[in-house]
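Read off the chains here:
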Amino acid sequence: RAQGYIALIKQKRYADAYWAIRREHPFPSVCGRVCNRRCEEQCSRALYDEPVSIMKLKWFVADWAYAHRNELPNLRDKSLVGTPFSHAPTPTGKKVAIIGAGPAGMTAALDLVRIGHQATVFDSLPIAGGMMRVGIPPHRLPYDRLDWEIQQIVDEGVDMRLSTRIYDIPGLFSQGYNAVVIATGAHSAWKLNIPGTEHPDNWLSLDLLRRACLGEKIDLSGRDIAVIGAGDVALDAARVSVRLGRPKVKIICRGMRASFNEIDEANKEGIEIIRNRVFKEVV
């Protein structure tokens, strides 16, 4: 409902705008910071002056709501903060198990409770959020914002079971669940199919990010780091490496396709980007 919440922001009805977004999008703080903004490429406003940055508008409204969370403790109270999404669904008596507490699983769970089902989310990690929490480093996404939006989903009635790995899907049906949603995400990564990739100092970027996001101590002081890749994950790995001891960091790629703002931030942090390279061997 972009036209709706943009109009509300223009009227400075920020609480109403926040709920116009959260009606269908439970993670405006996340999308406001890490969206790749493909909509701006098609925005007809560009024919007049420049595309509308709905990403940054989401960021602004989500931060406004977070800043007012204590003085307005119940964001679902219409008398306090405008017009939130309200619902009183008739309970269906149906139970759904969702495997994965990432953006897909949490959104599915929220949608299910809003139509009257019981939804239980299982995740093997000790924290919720999936790749939002263990794939996006805190310099891009403050975890207090993410945790707050997850708590709002729990407050609407979603049951959360963390540190719980599911091995037996048929067993869930025997426990009384009527359906199972598999939302395990894209946590897997793979190494290049070239000689030498099994070298112990050849790491997977997602593994590095997960360890760093979970607060594991990793000391990269004094080391030279080469990040092979061209997307936002490569930029995240490089910028996290800088924060783990400020080593000398280079990104090596055939062609850069990461977000422009991420490239600009990497340049400011002294990360060298070497383009037009292919890879033959790890030595």
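Procedures and definitions
Residues numbered from 1 in each chain as written. Predicted model: local features only at pLDDT ≥ 70, side-chain atom pairs only at ≥ 80, totals over all residues. Heavy atoms only, no water. Phe/Tyr/Trp six-rings, centres within 6.5 Å; stacked < 30°, edge-to-face > 60°. Helix = DSSP H or I, 4+ residues; strand = E, 2+ residues; numbered from the N terminus. Lys NZ or Arg CZ within 6 Å of the ring centre and 35° of its normal. 1 Å grid on protein atoms, 1.4 Å probe; cavity = no way out; pocket = protein on both sides within 12 Å on 5 of 7 lines; lining within 4 Å. Points joined across faces, edges and corners; volume = space filled by probe spheres on them. Nonpolar A, V, L, I, M, F, W, Y, C, P; charged D, E, K, R; others polar. Buried < 20%, exposed > 50% of the residue type's maximum accessible area, 1.4 Å probe, protein only. Pairing = 2+ DSSP bridges. Right-handed = clockwise from strand over helix to strand, strands pointing away. Axes fitted to C-alpha atoms, helices over the stretch in contact; angles between N-to-C directions. Contact = heavy atoms within 4.5 Å.

Participant: It is not clear to me how the packing of aromatic side chains should be interpreted in this structure. Could you clarify?
Facilitator: To describe a pair of aromatic rings, you give the distance between the ring centres and the angle between the ring planes. Counted under the stated rule, the structure contains six aromatic pairs. When the ring of Phe 122 is compared with that of Tyr 177, the centres are 6.2 Å apart and the planes differ by 75°; the resulting orientation is edge-to-face. Of the two residues, Phe 122 is situated in strand β2 (residues 118–122) and Tyr 177 in the loop between α10 (169–174) and β4 (179–182); the sequence distance between them amounts to 55 residues. Through a chain of ring-to-ring contacts, the aromatic side chains of Tyr 18, Trp 19, Tyr 66 and Trp 148 assemble into a single cluster. The residue whose ring lies beneath Arg 69 is Tyr 66, and the NZ or CZ to ring-centre distance is 3.7 Å.

Participant: Help me understand the layout of surface pockets, please; the structure alone is not making it clear to me.
Facilitator: Rolled over the atoms, a probe as big as a water molecule pinpoints where empty space is left. The volume enclosed by the second largest pocket comes to roughly 250 Å³. In terms of lining, the second largest pocket is formed by 13 residues, of which the most central are Arg 33, Trp 59, Arg 140, Asn 261 and Glu 262. When residues of the lining of the second largest pocket are traced back to their parent elements, those giving at least two are α5 (54–67) and α13 (260–268). Classifying every residue of the lining of the second largest pocket gives four nonpolar, two polar and seven charged.

Participant: Sorry, what's going on with the pairing of strand β5 (residues 224–228) here?
Facilitator: Alternating positions in β5 separate cleanly, Ile 225 and Val 227 being buried on one face and Asp 224, Ala 226 and Ile 228 remaining unburied on the opposite face. Bridge count between β5 and strand β6 (residues 248–252): five bridges; the pairing is parallel. Along β6, the bridge assignment pairs Val 227 with Ile 251. In this view, the connection linking β5 to its parallel neighbour β6 by way of helix α12 (residues 232–243) has right-handed handedness.

Participant: Any chance you could explain the sheet that holds strand β3 (residues 159–161) here in plain terms?
Facilitator: Sheet architecture is open: four strands sit in the order β3-β2-β1-β4, paired in parallel fashion. For this open sheet the edge positions go to β3 and β4, each flanked by a neighbour on one side alone. Direction aside, the axes of adjacent strands within the sheet are offset by 20° on average. Here β2 pairs with β3 via three bridges, running parallel. Paired with Phe 122 across the bridge in β3 is Arg 161. Running at roughly 165° to β2, helix α7 (residues 103–114) makes contact with β1 (95–99), β2 and β3 of the sheet.

Participant: Would you explain the sheet that holds β5 in this entry?
Facilitator: Whether parallel or antiparallel, the strands of a sheet pair through hydrogen bonds between backbone atoms. In spatial order, the strands read β5-β6-β7; together these three strands make up an open sheet with parallel pairing. With partners counted over all chains shown, the strands left at the sheet margins are β5 and β7 (272–274), one partner each. Mean inter-strand twist for the sheet, computed between neighbouring axes without regard to direction, equals 25°. In this structure, β6 lies alongside β7, joined through three bridges in parallel fashion. Bridge assignment links Ile 252 to a residue of β7, and that residue is Ile 274. Sheet contacts for α12: β5 and β6; angle to β6, the most-contacted strand, approximately 170°.

Participant: What am I meant to see in unusual backbone geometry here?
Facilitator: Leave glycine aside and you will find that most residues have negative phi; peptide bonds, for their part, are mostly trans. The phi torsion at Ser 163 lies on the positive side, around 50°, for a residue other than glycine. Mapped onto the secondary structure, Ser 163 falls in the loop between β3 and α10. Residue Asn 276 is not a glycine yet carries a positive backbone phi of 60°. Within the fold, Asn 276 resides in the segment after β7.

By themselves these figures say nothing about function.
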